[in-house]
Amino acid sequence: MPTLLETTMPVYHFRERHSRVLPADPRHVWDALTGLTLDQLAVARPLVILRHLGSREMPTARPLLTEGPLTMVAVQAPHYALGASIARPWQRTSSRVEVSSIEDFTAFDDAGWVKYLTDFHVHSGPAGTILSTETRGYSTDRATRIRFAFYWAAIRAGSGLVRRDILATVDRLSRTAATSRTAAMVTRPDSPAT
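The structure presented is a predicted model; accordingly, all values stated were derived computationally and were not measured. Here the residue index of a chain counts from 1 through its sequence in written order. Given that the model is predicted, a residue must reach a pLDDT of at least 70 before its local features are reported, and side-chain atom pairs must reach 80 or more before they are shown or counted; all residues, however, enter totals for whole chains, interfaces and linings. Excluded from the side-chain calculations are hydrogens and water; all other atoms, namely the structure's heavy atoms, are used.

### Observations regarding the confidence of the model for the protein chain
Line of reasoning, step 1. Here the protein chain averages 88 in pLDDT, while 84% of its residues score no lower than 70.
Line of reasoning, step 2. Confidence scores per residue from the predictor, reported as pLDDT, run from 0 to 100. Every helix listed is a DSSP run of H or I at least four residues long, and every strand listed is a run of E at least two residues long, numbered separately from the N terminus. Ranking the elements of the protein chain by mean pLDDT puts helix α3 (residues 44-51) last, at 66, and helix α1 (residues 4-8) first, at 98.

Laid out in structure tokens, this is it:
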């Protein structure tokens, strides 16, 4: 069955996809994903700080899923989230167009912009819980597509590192949460007999 990302942007100019099998319950994976902050990312944090060098405000303790660079336009807890952005990322201070819904996103067609969708999908597989993320982008005109191609060539490796860092960190956090819950259940004293 196609994802909301696939049906919203069937035609795209660039695509990046990553996935990881996690040995944790899907609910623990979802909780770790939705609570993830930039502070918890080992690789992505310095890259993002470098990208925003000189910015007055660089919040690192806010949940990335709800207060990150994308606006969540669809959340189907506990297994799917879709974020959207319309931007000019090659600028030193990236210009953005506010997006509040999938309808806003699909209706926008002004020249000079790149439209992005990124999703996160949590589902059960034969070897464990699969966490996948896909990003698709569409340039609204030919000149922007050429400009973005140069930008994408420069940042693609870093972009992949960030996404793999997110998956690895969610893996670590979901394992920690599962271990903590198990330990709490084992060490919890029984109710006193009456």
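Let us keep going from here.
### Some remarks on the pattern of salt bridges
Line of reasoning, step 1. What makes a salt bridge here is a side-chain nitrogen of Lys or Arg within 4 Å of a carboxyl oxygen of Asp or Glu, nothing more. Evaluated as defined, the whole model comprises eight salt bridges.
Line of reasoning, step 2. In this structure, the salt-bridge partner of R20 is D171, at a minimum N-O distance of 2.9 Å. One end of the pair, R20, is in strand β1 (residues 14-22); the other, D171, is in helix α6 (residues 142-187), and 151 residues separate them in sequence.
Line of reasoning, step 3. When a residue's accessible area, from a 1.4 Å probe over protein chains only, is under 20% of the maximum for its type it is buried; when over 50% it is exposed; and in between it is partly exposed. You can call R20 partly exposed: its relative accessible area is 33%.
Line of reasoning, step 4. Exposure remark for D171: the relative accessible area of 4% places this residue in the buried category.
Line of reasoning, step 5. Two residues, E134 and R136, come together in a salt bridge whose shortest N-O distance is 2.7 Å.

### Comments concerning unusual backbone geometry
Line of reasoning, step 1. Of note, the amide linkage connecting A77 to P78 takes the cis form, showing an omega dihedral of 5 degrees.
Line of reasoning, step 2. Within the element layout of this structure, P78 appears in the loop between β2 (71-76) and β3 (80-88).

### Describing the packing of aromatic side chains
Line of reasoning, step 1. What counts as a ring pair is set by centres within 6.5 Å for rings of Phe, Tyr and Trp (its six-membered ring), and what kind of pair is set by the plane angle: stacked under 30 degrees, edge-to-face over 60, tilted for all other angles. As enumerated under the stated definition, the model contains seven aromatic pairs in all.
Line of reasoning, step 2. An angle of 75 degrees between the planes, with centres 5.9 Å apart, marks the rings of F14 and Y116 as edge-to-face. Of the two residues, F14 sits in strand β1 while Y116 sits in strand β5 (residues 114-125), which places them 102 residues apart along the sequence. Taken individually, F14 and Y116 each receive the classification buried, so the pair is uniform in this respect.
Line of reasoning, step 3. When the ring of F108 is compared with that of W113, the centres are 6.2 Å apart and the planes differ by 85 degrees; the resulting orientation is edge-to-face.
Line of reasoning, step 4. W113 gets classed as buried once you look at its relative accessible area, which sits at 10%.
Line of reasoning, step 5. These aromatic residues form a ring-pair network of at least three members: F14, Y116, F148, Y151 and W152.
Line of reasoning, step 6. Whether a charge lies above a ring is judged from NZ of Lys or CZ of Arg, which has to be within 6 Å of the ring centre and within 35 degrees of the ring normal. For the cation-ring pair, R88 lies above W113, with the distance from its terminal atom to the ring centre recorded as 3.7 Å.

### As for the side chain of S101
Line of reasoning, step 1. Its place among the elements puts S101 in the loop between β4 (95-97) and α5 (102-107).
Line of reasoning, step 2. What qualifies as a polar contact is a pair of N or O atoms within 3.5 Å, subject to a donor-acceptor requirement within protein and to the restriction that residues adjacent in sequence count only when both atoms come from side chains. Only 3.1 Å separates the side chain of S101 from the backbone nitrogen of D104, close enough to count as a polar contact.

### Focus: the pairing of β2
Line of reasoning, step 1. One bridge is not enough; two strands pair if DSSP finds at least two bridges between them. Looking at chain direction, β2 and β3 are connected through five bridges and run antiparallel. In the strand pairing of β3, A74 is matched with L82.
Line of reasoning, step 2. In this structure, the hairpin formed by β2 and β3 is closed by a connection of three residues.

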